[in-house]
Amino acid sequence: MAERSVFAYFNTPDQAKEAVERLKPLKLVDYAIERIDGYAGPGYQSLDRLGGTITGDFKGLGNLTLGGDFDSLDAGILAAASVSASGYGSGGPDNRVTGRDIMLVAIVEEADYEEADRIVRESGAM
């Protein structure tokens, strides 16, 4: 039987996890939940590496605060101008960036696609 992919974007990982739980009774072939952003690379994901901030052993503010791995110095400087990197303000609660940065990709059997689409929308997806 043919399969279809459902791409859904959520505000929180919990919303995506709830949607997956509701999708499980369908013919769910596979799924993945990922945080997405506009910057490539893992950057500083581990607290052990943050000691480099004292010695200045990091590539730049965009790498440190956004987790970006930039190909050029210019790209890193431009990313550091983002309010997300500077922390000056983003307009969200607790100064966090708002928006749908959690992506759920679910593969379902074609017969269940419409129901899967309805479920993710009811769970808060865009």
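Source: prediction; values computed, not measured. (Residues numbered from 1 in each chain as written. Predicted model: local features only at pLDDT ≥ 70, side-chain atom pairs only at ≥ 80, totals over all residues. Heavy atoms only, no water.)

An α-helical turn contains 3.6 residues, so any two residues separated by three or four positions project in the same direction. Listing the buried residues of helix 4 (residues 73–80) in full gives G76, A79 and A80. Across the axial projection of helix 4, the buried residues extend over an arc of 100°, all falling on one side. In helix 4, the exposed positions angled more than 90 degrees off the buried face are occupied by D74, I77 and L78. (Buried < 20%, exposed > 50% of the residue type's maximum accessible area, 1.4 Å probe, protein only. Helix = DSSP H or I, 4+ residues; strand = E, 2+ residues; numbered from the N terminus. Arc of directions from axis to C-beta.)

If you walk across this open sheet you meet the three strands as 1-3-2, and the pairing is antiparallel. Taken across any chain shown, the strands that pair with only one partner, and hence form the sheet edges, are strand 1 (3–10) and strand 2 (28–35). The average undirected angle you get between the axes of adjacent strands in this sheet is 15°. With seven bridges connecting them, strand 2 and strand 3 (residues 102–109) associate as antiparallel partners. By the bridge assignment, E34 is partnered in strand 3 with M103. Lying on the sheet, helix 6 (residues 113–122) is in contact with strand 1 and strand 3; it crosses strand 1 at an angle near 5°. (Pairing = 2+ DSSP bridges. Axes fitted to C-alpha atoms, helices over the stretch in contact; angles between N-to-C directions. Contact = heavy atoms within 4.5 Å.)

Further remarks concern the environment of A32. Within the fold, A32 resides in strand 2. Distance in space between the C-alpha atoms of A32 and I107 is 9.2 Å, their sequence separation being 75 residues. Setting aside residues up to four positions removed in sequence, A32 forms contacts with M103, L104 and V105.

Looking at the element boundaries, D14 is found in helix 1 (residues 13–23). Accessibility expressed as a relative area gives 57% for D14, which makes it exposed. In sequence terms D14 and I102 are 88 residues apart; their C-alpha atoms lie 9.5 Å from each other.

Time to look at the confidence of the model for the chain. Mean pLDDT over the chain stands at 78; residues scoring 70 or higher make up 63%. For residues 44–48, every residue scores under 50 in pLDDT, and the model assigns this stretch seven contacts once sequence neighbours within four places are set aside. (pLDDT = per-residue confidence, 0-100.)

The full count for this structure, using the stated rule, is five salt bridges. For the salt bridge of R22 with E122, the shortest nitrogen-to-oxygen distance reads 2.6 Å. Linking R22 in helix 1 with E122 in helix 6, this pair joins segments that are 100 residues apart in sequence. Residues E122 and R118 are paired through a salt bridge, measuring 2.4 Å at the closest nitrogen-oxygen approach. Of the two residues, E122 and R118 both sit in helix 6, four residues apart, roughly one turn of that helix. Given the relative accessible area of 36%, R118 is considered partly exposed. Connected via shared salt-bridge partners are R22, E115, R118 and E122. (Salt bridge = Lys/Arg side-chain N within 4 Å of Asp/Glu carboxyl O.)

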